[in-house]
Amino acid sequence: MLEFIRFVRGDVFYWKGMAFLLPVLISYKLKILSEKRAKEILLKFFLGGMPAKDLWEAGKRFASEKIPSMLRKEAMARIRWHQAEGHVCFLVTASLSFWVRAWAEKEGFILIPTMPEITEGIFYGKIRGVNCKGWEKVRRIEEILAGTSPEKKYAYGDTSGDKPMLAWADEGFYRHFS
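Now for a description of the structure that goes with this document. Being a predicted model, the structure only gives us computed values, none of them experimental.

Across its full length, the protein carries 10 helices and 6 strands. For 178 residues, the compact-globule estimate of 2.2 N^0.38 gives 16 Å, and the C-alpha radius of gyration of the protein, at 17 Å, lies within 12% of that figure. Reported as C-alpha extents along the three principal axes, the dimensions of the protein are approximately 50 × 35 × 30 Å. Across the 178 residues that make up the protein, the buried fraction comes to 40%. Taking the intrachain contacts of the protein between residues at least 6 apart in sequence as the baseline, contacts between residues at least 24 apart amount to 56%. Surface summary for the protein: the accessible area is close to 10300 Å², and the carbon and sulfur share equals 56%. Side chains of the protein carry 29 positive and 21 negative charges; the gap between the two charge centres is 6 Å.

A cluster of nonpolar side chains, namely Leu-22, Ile-26, Leu-30 and Ile-32, defines an oily patch on the protein surface of about 420 Å² accessible area. Relative to the elements of secondary structure, Ile-26 occurs in helix α3 (residues 22–29). Ile-26 sits in the partly exposed class, given a relative accessible area of 43%.

Here we take up the pattern of salt bridges. Applying the stated criterion to the full structure yields 13 salt bridges. For Glu-3, the salt bridge goes to Arg-6, with nearest N and O atoms at 3.9 Å. Highlighted residues: Glu-3 and Arg-6, both in helix α1 (residues 2–9), separated by 3 residues, approximately one helical turn. You can call Glu-3 partly exposed: its relative accessible area is 40%. Each of Glu-136, Arg-139, Arg-140 and Glu-143 takes part in one network of salt bridges that share partners.

About the criteria used
Residues numbered from 1 in each chain as written. Predicted model: local features only at pLDDT ≥ 70, side-chain atom pairs only at ≥ 80, totals over all residues. Heavy atoms only, no water. Helix = DSSP H or I, 4+ residues; strand = E, 2+ residues; numbered from the N terminus. Rg over C-alpha atoms; globule rule 2.2 N^0.38 Å. Buried < 20%, exposed > 50% of the residue type's maximum accessible area, 1.4 Å probe, protein only. Contact = heavy atoms within 4.5 Å. Areas by Shrake-Rupley, 256 points an atom, 1.4 Å probe, with all protein chains shown as cover. Lys, Arg positive; Asp, Glu negative; His and termini not counted. Charge placed at Lys NZ, Arg CZ, Asp CG, Glu CD. Patch = residues over 30% accessible without salt bridge, like charges linked within 9 Å, V, L, I, M, F, W, Y side chains within 5 Å. Salt bridge = Lys/Arg side-chain N within 4 Å of Asp/Glu carboxyl O.

Have a look at this one:
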């Protein structure tokens, strides 16, 4: 999220905004604010009021210009292995679809992201529904699978929000992609 914001708004606005929002960040770390509320405050400050079409376009540029350099080589190698084996691959993320959709589509993933709330073509900084993390990831995967179950379920993650999904999988890998 933060890299996308920097990409869209530039370094100067980003750092000034982060300094201004320091009380929000501290409140989140102290568990005074929920993660969803803190995320929405940041999103509203940095991206609120922008046309959704501009954010989708920025997401396409971000997917080609920034995401490749952010990826771990061993993670991409493991993804390629799963794809070669014919496994259906999901990208289940707390990231908003604005900045992951183009990359997920290009790489052949079924995307399960946090969704932005868009009103009359404008993004005001709100999340539609629940932030896609923790047990929400498992719920959404199971909703898509609709009672079917793959022969073997693999999951990979690198944040605490991935741990329920890793526990749900037959083989879960935390910060390890081989």
